[in-house]
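# Observations on chain architecture
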Number of protein chains: 2
Amino acid sequence: MSPIKKHAKVEEPKNSWITYRPEIKVLDCTIRDGGLINDHQFGDEFVRAVYDTCAAAGVDYMEMGYKASKRVFSRADHGPWKFCDEDDLRRMVGDQPHPDLKLCVMADAERTDYHEDILPKEQSVLNCIRVATYIHQIPTAVDMIQDAHDKGYETTCNIMAVSAVREHELREALAALTKSPVEVIYVVDSYGSLYSEQVRDLVHLYRRAIEGTGKELGIHTHNNQQLAFANTIEAVILGVNRLDATINGFGRGAGNCPMELLLGFLRNPKFDQRPVIECIVKNFLPLAKKLDWGYSIPYMISGQLNRHPREAMELRESHRKDDYLAFYDRMME
Amino acid sequence: MSPIKKHAKVEEPKNSWITYRPEIKVLDCTIRDGGLINDHQFGDEFVRAVYDTCAAAGVDYMEMGYKASKRVFSRADHGPWKFCDEDDLRRMVGDQPHPDLKLCVMADAERTDYHEDILPKEQSVLNCIRVATYIHQIPTAVDMIQDAHDKGYETTCNIMAVSAVREHELREALAALTKSPVEVIYVVDSYGSLYSEQVRDLVHLYRRAIEGTGKELGIHTHNNQQLAFANTIEAVILGVNRLDATINGFGRGAGNCPMELLLGFLRNPKFDQRPVIECIVKNFLPLAKKLDWGYSIPYMISGQLNRHPREAMELRESHRKDDYLAFYDRMME
């Protein structure tokens, strides 16, 4: 934004990158966001490899998938990580789950039978329920948060597609959320359309909303404009402590903030980049021969237009996947 | 950097991205920086396609290659764009050069016979000489700048590898340069190692040096950490007006700031993204089947270690190009 600002005054930096901020927690959403590419059809071995990698890398949370309604989504069309049944989760983490890696799932507002499908905490290996909501579903999201909180879970909330939401409506949504027991509210760049200054504006807006509540802010980015990592860093500089990333930037469309870049940036010695690089070589380079993800021109175009990556994904899955110019002309119509 | 800063105070944004800063000028260095991948062995048709694309896209400057010494580099090993003889340049731009696209070449300190090989301006289609220098070559660079200036050219200077230079030495170099007639000094992230806060520190340092001289600042980034575009935006926000980019992010190693992203970000209506996308489809997608460039894990590693991409390039050109883990272990030794 604002290429017009002349010599913007910026305060003198206080460099101290030698140290780190221990409050920062990293969440891996490789299987959950990546599952949107292949309808969550991952084999057990792949999911277990990601799980073990997260544990070895010192990642704080791993998101195993969605807790989707079986009335809305069929088992025939989706792999187990669309539903994250307790049995499937336990098959992955075994009898001795890694003690420092918390587990979470995403629960979409209006697409989750949360009263039935989310078990009381003491019956589950899950630690945290991440409620995802569009702005018009906030009342449902608040009810889901309350339900999960009452069942004993940590709770977080992703308000999706905020780049297409009016500011005063977003303020109202945040006001409603701050009255709920939610612990973390995420700034989510669903369309990969945000520039650093917009991230800053949103972080300020969210911070004002949660001021004095003890809640935390999180950031979830997409890489349509090669800004997923940069915008995550920007949020860190602004004091955001909960960071989403995926191994090899895996994720729907242009993908997410790459875990390997993020761990290379964070200075907390508990993080280790090496297991992530190992996992990429073993599991993601072979996968990249079968699935398409990561930055390409069609995703850049949908990001710049602040639009859902739907059309760009369709193009990339078609035999015309590299026909960028026709796609550009169609999107600009 | 500085993940330790807590809730850094940031001034309220003055959003005005609807308008633009007319002083901003974009330079295409596709052929020059990309020539480092293939020893400048581009066919005429390819160079002409880039030239016509730059003109159609409203780009302000195009860098045609190097003005390298024929005593140091042999014609047998390098294509014409290593030397940019006047005849070769004229063969590209024809009798009627695009009136709004200025031409430049890069002249490396100590590797250019500048007294002989850089013609007086009135005998050349070139408008601008870009002197590139390491810190220890500054006296030579200053002499080259003076020579080019006296011959009638615009002049700019890239101080390379500043991420590995001590601050007080950099200050001395800048002081020497500001006494020269150079018009633009570039902040150059040779190793793709800089985070946004380091870009900011450098821009502040450079700005203090040129204050009151009427000189401009420029930015030249590399994409080792997927930060080339983000760091260019950061520089724009800080008031930097001269921006380097390449079509499809083409360039040595991890490549450069992608022109298509940059033009999508800048609001000046003179810029047009469409010819760049067209050129990518026609000329760069086929090239990507033959040459390796752009972000990959080995470049991330060399960037994070603040090292020349030499070893990473060697790996990517070898049959072990995807053996990231062995490379990581070797680099960490």
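Residues numbered from 1 in each chain as written. Chains lettered and ligands numbered in written order. Predicted model: local features only at pLDDT ≥ 70, side-chain atom pairs only at ≥ 80, totals over all residues.

## Thoughts on the domain arrangement of chain A
Residue and element names in this part refer to chain A. By the assigned domains, chain A splits into domain 1 (25–288) and domain 2 (297–332). Of note, the centres of domain 1 and domain 2, computed from C-alpha atoms alone, are 25 Å apart. Taken together, the contact pairs 10 residues of domain 1 with 11 residues of domain 2. (Domains from an automatic or database assignment. Contact = placed C-beta atoms within 7 Å.)

## Side note on the sheet that holds strand 4 (residues 128–133) of chain A
All names here are of chain A. Ordered in space as 1-2-3-4-5-6-7-8, the eight strands form a closed barrel in which the pairing is parallel. Taking each pair of neighbouring strands and ignoring which way they run, the sheet shows an average axis angle of 25°. Pairing geometry for strand 1 (residues 25–28) and strand 8 (residues 242–245), over four bridges, is parallel. In the sheet register, Lys-25 faces strand 8, and the bridge partner there is Arg-242. With respect to the sheet, helix 5 (residues 138–150) is in contact with strand 3 (102–108), strand 4 and strand 5 (154–159), its orientation differing from that of strand 4 by roughly 175°. (Pairing = 2+ DSSP bridges. Helix = DSSP H or I, 4+ residues; strand = E, 2+ residues; numbered from the N terminus. Axes fitted to C-alpha atoms, helices over the stretch in contact; angles between N-to-C directions.)

## Let's talk about the sheet that holds strand 6 (residues 184–188) of chain B
All names here are of chain B. The strand order 1-2-3-4-5-6-7-8 describes a closed barrel built from eight strands, whose pairing is parallel. Averaged over all neighbouring strand pairs, the angle between strand axes comes to 25°, with direction disregarded. Strand direction decides the pairing type here: strand 7 (residues 216–220) and strand 8 (residues 242–245), joined by two bridges, are parallel. Note that in strand 8 the partner of Gly-218 across the bridge is Arg-242. The sheet strands contacting helix 5 (residues 138–150) are strand 3 (102–108), strand 4 (128–133) and strand 5 (154–159), and the helix crosses strand 4 at an angle near 175°. Sheet strands touched by helix 7 (residues 196–210): strand 6 and strand 7. Its angle to strand 6, the strand with the most contacts, is close to 160°.

## Looking at the packing of helix 7 of chain B against helix 8 (residues 228–237) of chain B
All names here are of chain B. Between helix 7 and helix 8, the shortest axis-to-axis distance is 9 Å and the interhelical angle comes to 40°. Relative to helix 8, helix 7 is oriented oblique. Seen along the crossing, helix 7 lies across helix 8 with a hand that is right-handed. Side by side, helix 7 and helix 8 meet where Ser-196, Val-199, Arg-200 and Val-203 of the first sit next to Ala-230, Asn-231, Glu-234 and Ala-235 of the second. For the contact of helix 7 with helix 8, a count of residues per class yields four nonpolar, two polar and two charged. (Parallel < 35°, antiparallel > 145°, perpendicular 65-115°, else oblique. Left-handed = near helix turned anticlockwise from the far one by under 90°. Nonpolar A, V, L, I, M, F, W, Y, C, P; charged D, E, K, R; others polar.)

## Structural notes on helix 1 (residues 30–38) of chain A
All names here are of chain A. Where burial is concerned, most of helix 1 is hidden: seven out of the nine residues are buried. Turning to helix 1, its buried residues number three or more, namely Thr-30, Ile-31, Arg-32, Asp-33, Gly-34, Gly-35 and Ile-37. Elements in contact with the buried residues of helix 1: strand 1, helix 2 (44–57), strand 2 (61–66) and strand 3. Asp-39 sits one or two residues past helix 1 and shows a positive phi near 50°. (Buried ≥ 20, exposed ≤ 12 C-beta atoms within 10 Å, placed from the backbone.)

## Considerations on the nonpolar core
Considering soluble globular proteins, one finds that nonpolar side chains tend to be buried as a cluster. By size, the foremost hydrophobic cluster in this structure holds 206 residues, and its most contacted members are Val-187 and Leu-262 of chain A together with Val-187 and Leu-262 of chain B. Excluding anything up to four places from it in sequence, Val-187 of chain A contacts Val-199, Leu-202, Val-203, Tyr-206, Leu-217, Ile-219 and Ala-235 of chain A. (Core = buried A, V, L, I, M, F, W, Y, C linked by C-beta atoms within 7 Å.)

## Focus on the packing of helix 11 (residues 297–304) of chain A against helix 13 (residues 324–332) of chain A
Residues and elements named next belong to chain A. In the contact formed by helix 11 and helix 13, the axes pass within 10 Å of each other and the chain directions differ by 15°. When the interaxial angle is binned, helix 11 and helix 13 end up roughly parallel. Crossing angle aside, the handedness with which helix 11 passes helix 13 is right-handed. When helix 11 is examined against helix 13, the residues Ile-297, Pro-298 and Ile-301 are found in contact with a partner set consisting of Tyr-324, Phe-327, Tyr-328 and Met-331. Tallied by class, residues from the contact of helix 11 with helix 13 come to seven nonpolar, no polar and no charged.

## A look at the pairing of strand 4 of chain B
Residue and element names in this part refer to chain B. Along strand 4, five of the six residues are buried, which leaves the element largely enclosed by surrounding structure. Relative to strand 4, strand 3 runs parallel, the two being bridged by five bridges. Residue pairing across strands places Cys-104 opposite Cys-128, the latter belonging to strand 4. Of the pairings in the sheet, the one linking strand 4 to strand 5 comprises six bridges and is parallel in character. Pairing of Val-131 across the sheet is with Cys-157, part of strand 5.

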